[in-house]
Amino acid sequence: MSYVDEVYDLVVEKNPSQPEFHQAVKEVLESLRVVIEANEEKYRKDALLERLVTPERQILFRVPWVDDKGQVQVNNGFRVQFNSAIGPYKGGLRLHPSVNLGIIKFLGFEQIFKNSLTGLPIGGGKGGSDFDPKGKSDREVMAFCQSFITELHKYIGADTDVPAGDIGTGAREIGFMYGQYKRLTGLYEGVLTGKGLSYGGSLARTEATGYGLLYLTEEMLKCNGRDIKNKIVAVSGAGNVAIYAIQKAQQLGAKPVTCSDSTGWIYDPAGIDVALLKEVKEVKRARLSEYAAARPSAEYHEKKNGEHGVWSIKCDIALPCATQNELDLEDAKMLVANGCFAVAEGANMPTTMDATEYFQKNNVLFCPGKASNAGGVATSALEMSQNSERLSWTFKEVDSKLKDIMVNIFHSIDDASKQYGMLRNYVAGANIAGFLKVAEAMNAQGIV
Ligand code: NDP
Ligand code: 2IT
């Protein structure tokens, strides 16, 4: 059996009931097959792949907090410090009831390659909790965040592990966590990113993931003889990534016509009204039905299982920006039948493996999240730099660095796909380019 297959089987055996982690590992290992098989003996002797798929450290902890009725609630807390070969662990904290160890491991594993692709010195990590911030009061969210950091602060720091936002963790949660970290340690340091501008945050971090997604998409289209202008775009999600993806798509002359949340989706043929969307989701924290109620051109559809949601709308470009495995084979068939020619992932692993293969077979330009959504973490690394030098850069400065980083990422994955004979296979290109830097660093640092 080949080394790659052996390691995949080992991952499944050693990590039972973690299907998302298996999926993320499978996709990466399949891409790496050509690289590994060219030097299989050395990689096997060094157990390079076994080390790569095994987190350096996993921290699992209890998060007790008191709700507004005086009742004690208990959640599970996680931080997976996956790989520090090229820098301190870096990655977000997800707060969502679906969070479990397998989800955090898939996200942490993806983060290793994503962070490598940014070209910046950041290792891979991820954390979170099954706490659901939805419907909680600000005081309850603060109580949870303070308890979470009271345990986690022992394991993080500006030069060791720097968490940030993800699903359910936005500016409010990062603020509460930062305050508690500072109180416990007495340190005013860049231990978290996505901070508010008044206490060390970076301009353009809020916009970075969505903007970065569009900078990369624009470059991918340009290098394939296409133009983003006047294209119809289907977007899923209505959170941090989706909102700023929609905004930048409009600035680049495209027309985003959809968005979605966990309860339903919007089709707005006149184009999404970003100011209204922000008001509904960022200010009121309300459901998308409120968007439709305030916007005569928009249709609201309740989410129904087995239906295609935003992927049933005729579009040129699809940008899945909500959550993992939200775009399956049937959705992909519908998109291709409707003429969609490019897909770039804003979320982490939103496309199932068979849907990805279907896109590739049908010549749809497909960019995986670890490349196309890397603008968020890249700008987090820029926030770390600003914190270290105790300066803050202008919006224009950060945004222009972000754009350069995204254009460079596209070219490095494009070059890798060509070098390994898989032209336009950006999944392979991203996994290979991300892996090579980490593998070289691991190799240089000996058996650790
Ligand atoms: P937010 O919490 O801001 O928004 C998430 C959006 O997706 C919400 O609209 C939410 O609906 C919807 N959603 C979440 N879970 C589900 C689900 N199970 N089914 C349907 N809809 C769902 O998160 P972000 O925008 O930050 O994150 C979105 C994706 O992007 C995630 O995959 C994340 O890992 C990834 N990502 C985020 C980065 C960042 O900088 N924030 C960077 C790189 C990747 P509702 O409003 O109802 O909750
Ligand atoms: O998935 C991701 O890259 C993020 N949630 C952002 C991580 C970060 O450290 O900014």
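Preceding this section is the structure that the text describes.
Basis of the calculations
- Residues numbered from 1 in each chain as written.
- Chains lettered and ligands numbered in written order.
- Predicted model: local features only at pLDDT ≥ 70, side-chain atom pairs only at ≥ 80, totals over all residues.
- Heavy atoms only, no water.
- Helix = DSSP H or I, 4+ residues; strand = E, 2+ residues; numbered from the N terminus.
- Rg over C-alpha atoms; globule rule 2.2 N^0.38 Å.
- Buried < 20%, exposed > 50% of the residue type's maximum accessible area, 1.4 Å probe, protein only.
- Contact = heavy atoms within 4.5 Å.
- Areas by Shrake-Rupley, 256 points an atom, 1.4 Å probe, with all protein chains shown as cover.
- Lys, Arg positive; Asp, Glu negative; His and termini not counted.
- Charge placed at Lys NZ, Arg CZ, Asp CG, Glu CD.
- Near = heavy atom within 4 Å.
- Polar contact = N/O pair within 3.5 Å; in protein donor to acceptor, adjacent residues only side chain to side chain.
- Axes fitted to C-alpha atoms, helices over the stretch in contact; angles between N-to-C directions.
- Left-handed = near helix turned anticlockwise from the far one by under 90°.
- Nonpolar A, V, L, I, M, F, W, Y, C, P; charged D, E, K, R; others polar.
- Core = buried A, V, L, I, M, F, W, Y, C linked by side-chain atoms within 4.5 Å.
- Arc of directions from axis to C-beta.
- Pairing = 2+ DSSP bridges.
- Salt bridge = Lys/Arg side-chain N within 4 Å of Asp/Glu carboxyl O.

A. Representation of the overall build of the protein chain. Scanning the protein chain from terminus to terminus reveals 17 helices and 13 strands. Taking 2.2 N^0.38 as the reference for a compact globule, 448 residues should give roughly 22 Å; the C-alpha atoms of the protein chain span a radius of gyration of 21 Å, in line with that estimate. Overall, the protein chain is about 65 × 55 × 45 Å in size when its C-alpha atoms are taken along their principal axes. Taken across its 448 residues, the protein chain has 56% of its residues classed as buried. Taking as baseline every contact in the protein chain between residues at least 6 positions apart, the subset at least 24 positions apart corresponds to 72%. Surface summary for the protein chain: the accessible area is close to 18100 Å², and the carbon and sulfur share equals 50%. One way to put it: in the protein chain the 50 positive side-chain charges average out to a point 3 Å from where the 55 negative ones average out.

B. Spotlight on the site of ligand 2. What surrounds ligand 2 is a group of 14 residues, the closest being Lys90, Gln111, Lys114, Asp166 and Ser380. A distance of 2.9 Å is found between an oxygen atom of ligand 2 and a side-chain nitrogen or oxygen belonging to glutamine 111. Arginine 205 is positioned with one of its side-chain polar atoms (N or O) 3.0 Å from an oxygen atom of ligand 2. Notes on ligand 2: free accessible area 300 Å², of which the protein chains cover 94%. Mapped onto the shell around ligand 2, the elements with two or more residues apiece are strand S3 (89-95), helix H5 (101-117) and helix H15 (375-389).

C. Up close: the packing of helix H8 (residues 205-223) against H15. Packing of H8 against H15 brings their axes to within 7 Å, and their N-to-C directions diverge by 145°. The hand of the H8/H15 crossing is right-handed. Each of Arg205, Ala208 and Thr209 in H8 lies in contact with H15, whose residues at this interface are Gly375, Gly376, Val377, Thr379, Ser380 and Glu383. Residues of the contact of H8 with H15, tallied by class, amount to two nonpolar, five polar and two charged.

D. Here's a closer look at the nonpolar core. Core analysis: the largest hydrophobic core is formed by 65 residues, its most contacted members being Leu277, Tyr291, Leu319, Ile409 and Ile413. Those residues in contact with isoleucine 413, other than ones at most four positions away along the chain, are Leu117, Cys367, Ala371, Tyr426, Gly429 and Ala430.

E. Molecular detail of helix H13 (residues 353-361). Turning to H13, its buried residues number three or more, namely Ala355, Thr356 and Phe359. For H13, the arc enclosing every buried residue in end-on projection is 100°, short of the 170-degree limit, so these residues lie on one face. Phi turns positive one or two residues past the end of H13, at asparagine 363, with a value near 60°.

F. Broad picture of unusual backbone geometry. A positive phi angle, close to 50°, is found at alanine 47, a residue other than glycine. Its location among the elements puts alanine 47 in the loop between helix H3 (40-45) and helix H4 (48-53).

G. Quick peek at the sheet that holds strand S8 (residues 258-260). As summarised here, the arrangement of the three strands in space is S8-S9-S10, forming an open sheet in which the pairing is antiparallel. Each edge of the open sheet is held by one strand with a lone partner, namely S8 and strand S10 (299-302). With direction set aside, neighbouring strand axes in the sheet form an average angle of 20°.

H. Region of interest: the pattern of salt bridges. Under the defined criterion, the tally for this structure stands at 24 salt bridges. Note that lysine 284 and glutamate 290 form a salt bridge whose closest N and O atoms lie 3.7 Å from each other. Classification of lysine 284 by relative accessible area gives partly exposed; the value is 48%. According to the relative accessible area criterion, glutamate 290 is partly exposed, its value standing at 37%. Each of Asp5, Glu30, Arg33 and Glu37 takes part in salt bridges that share partners, so that together they form one network.

By themselves, these figures tell us nothing about what the structure is for.
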